[in-house]
Amino acid sequence: MIRLVAHGSFVAVARQLLVTLLLLFMAGLSVASEAVPVAEDPELEKRLVNLAENLRCLVCQNESLAGSRADFANDLRREIREQMRANKSDDEIIEFLVARYGDFVLYNPPLKSTTWLLWFGPFVLFLGGAVALMLYLRRRRSQITESPLTENQRLQAESLIKEINKD
């Protein structure tokens, strides 16, 4: 009977160890990422990465086209590769993408009438908040009224000051 219990606990420990190792192996698989497609021409791939770092992924939030793993980003990178193989300049490719998807595709959109709010909006909000805070503090300061101390309060304050000065 003692042997069966010992043998049974060994099997249970071995089973737990096997499950733990299997979970660790599966966790390692979930961290693995998809291989980055490499063009036949390493110079073309380097140019693509440099261009894609300055373009925004239209599906992801705040991620560059170079860093995104979304299917749409893969399609855009494929389109950019094709245009690069067709000997189009970076400016021509950017113009194509802006014409198709708008200024949102650029991380640094140009300063024009449709993007003024984007460029200057945060400053306007900051200044508006600062002015509102100043007005609030001035109004609050004007509501504070000073009343003179009574004789008893004055004597208490003087005694407290004398005690502080002794120390």
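Owing to the predicted nature of the structure, the values given are computational and were not obtained by experimental measurement. (Residues numbered from 1 in each chain as written. Predicted model: local features only at pLDDT ≥ 70, side-chain atom pairs only at ≥ 80, totals over all residues. Heavy atoms only, no water.)

Visitor: Would you take a moment to explain the overall build of the protein for this structure?
Guide: Scanning the protein from terminus to terminus reveals six helices and zero strands. Listing the helices and strands of the protein from first to last along the sequence gives α-α-α-α-α-α. Per-residue burial for the protein yields a buried fraction of 19% across its 167 residues. Contacts spanning at least 24 positions in sequence make up 44% of the contacts within the protein whose residues lie at least 6 apart. (Helix = DSSP H or I, 4+ residues; strand = E, 2+ residues; numbered from the N terminus. Buried < 20%, exposed > 50% of the residue type's maximum accessible area, 1.4 Å probe, protein only. Contact = heavy atoms within 4.5 Å.)

Visitor: Before we go on, may I ask you to explain the packing of aromatic side chains in this structure?
Guide: Two measures describe an aromatic ring pair: the distance that separates the ring centres and the angle between the ring planes. The final tally for this structure, using the stated rule, is one aromatic pair. Aromatic pair F72 and Y101: ring centres 5.8 Å apart, planes at 90°, arrangement edge-to-face. Taken as a pair, F72 in helix α3 (residues 71-85) and Y101 in helix α4 (residues 90-101) lie far apart in primary sequence, 29 residues in all. Overall, Y101 belongs to the partly exposed group, its relative accessible area being 28%. (Phe/Tyr/Trp six-rings, centres within 6.5 Å; stacked < 30°, edge-to-face > 60°.)

Visitor: Please clarify how the side chain of R56 should be interpreted in this entry.
Guide: Looking at where R56 falls in the secondary structure, it is placed in the loop between α2 (42-52) and α3. As a buried residue without a salt bridge, R56 has its nearest oppositely charged side chain in D103, at a separation of 10 Å. When near neighbours in sequence (up to four residues on either side) are disregarded, R56 contacts N62, E63, L65, F104, V105, L106 and Y107. (Lys, Arg positive; Asp, Glu negative; His and termini not counted. Salt bridge = Lys/Arg side-chain N within 4 Å of Asp/Glu carboxyl O.)

Visitor: Can you help me understand the environment of N50 in this one?
Guide: Tracing the chain through its elements places N50 in helix α2. For the pair N50 and A66, spaced 16 residues apart in sequence, the C-alpha to C-alpha distance is 8.2 Å.

Visitor: What's the story with α2 in this structure? I'm lost.
Guide: In an α-helix there are 3.6 residues to a turn, and that puts residues three or four apart on one side. Looking only at α2, the buried set comprises L44, E45, L48, L51 and A52. Projection of α2 onto a plane perpendicular to its axis shows the buried side chains occupying an angular sector of 125°, all on one side. The exposed residues of α2 that point more than 90 degrees off its buried face are P42, E43 and K46. In this structure, the buried residues of α2 make contact with α3 and α4. (Arc of directions from axis to C-beta.)

Visitor: Can you help me understand the state of the cysteines in this one?
Guide: Note: disulfide means a covalent bond formed between the sulfur atoms of two cysteine side chains. Throughout the structure, instances matching the rule amount to zero disulfides. Between C57, a free cysteine, and C60, which holds the nearest cysteine sulfur, the sulfur-to-sulfur gap is 3.3 Å. (Disulfide = S-S within 2.5 Å.)

Visitor: Whenever I open this one, a nonpolar patch on the surface confuses me. Can you help?
Guide: Taken together, the side chains of L111, W116, L118, W119, F120, F123 and V124 present a nonpolar region at the surface, about 790 Å² in accessible area. Looking at the secondary structure, you find L118 in helix α5 (residues 116-143). (Patch = residues over 30% accessible without salt bridge, like charges linked within 9 Å, V, L, I, M, F, W, Y side chains within 5 Å. Areas by Shrake-Rupley, 256 points an atom, 1.4 Å probe, with all protein chains shown as cover.)

Visitor: Would you mind going over the nonpolar core with me for this structure?
Guide: Among the nonpolar cores identified, the biggest contains 18 residues, and L51, L55, L65, I80, M84, I93 and L97 are the most heavily contacted of them. Of all the secondary-structure elements, those providing two or more residues to this core are α2, α3 and α4. Once you skip the residues sitting within four places of it in the chain, L65 turns out to touch A52, L55, R56, C57, A73, L76, R77 and I80. (Core = buried A, V, L, I, M, F, W, Y, C linked by side-chain atoms within 4.5 Å.)

Visitor: Just checking my understanding: could you explain the side chain of R77 for this structure?
Guide: Within the element layout of this structure, R77 appears in helix α3. Despite its burial, R77 pairs with no opposite charge; the closest candidate is E45, at 6.6 Å N-O. At a separation of 2.4 Å, a polar atom in the side chain of R77 contacts the main-chain carbonyl oxygen of L65. When neighbours within four sequence positions are excluded, R77 is seen to be in contact with L48, L65, A66, S68 and R69. (Polar contact = N/O pair within 3.5 Å; in protein donor to acceptor, adjacent residues only side chain to side chain.)

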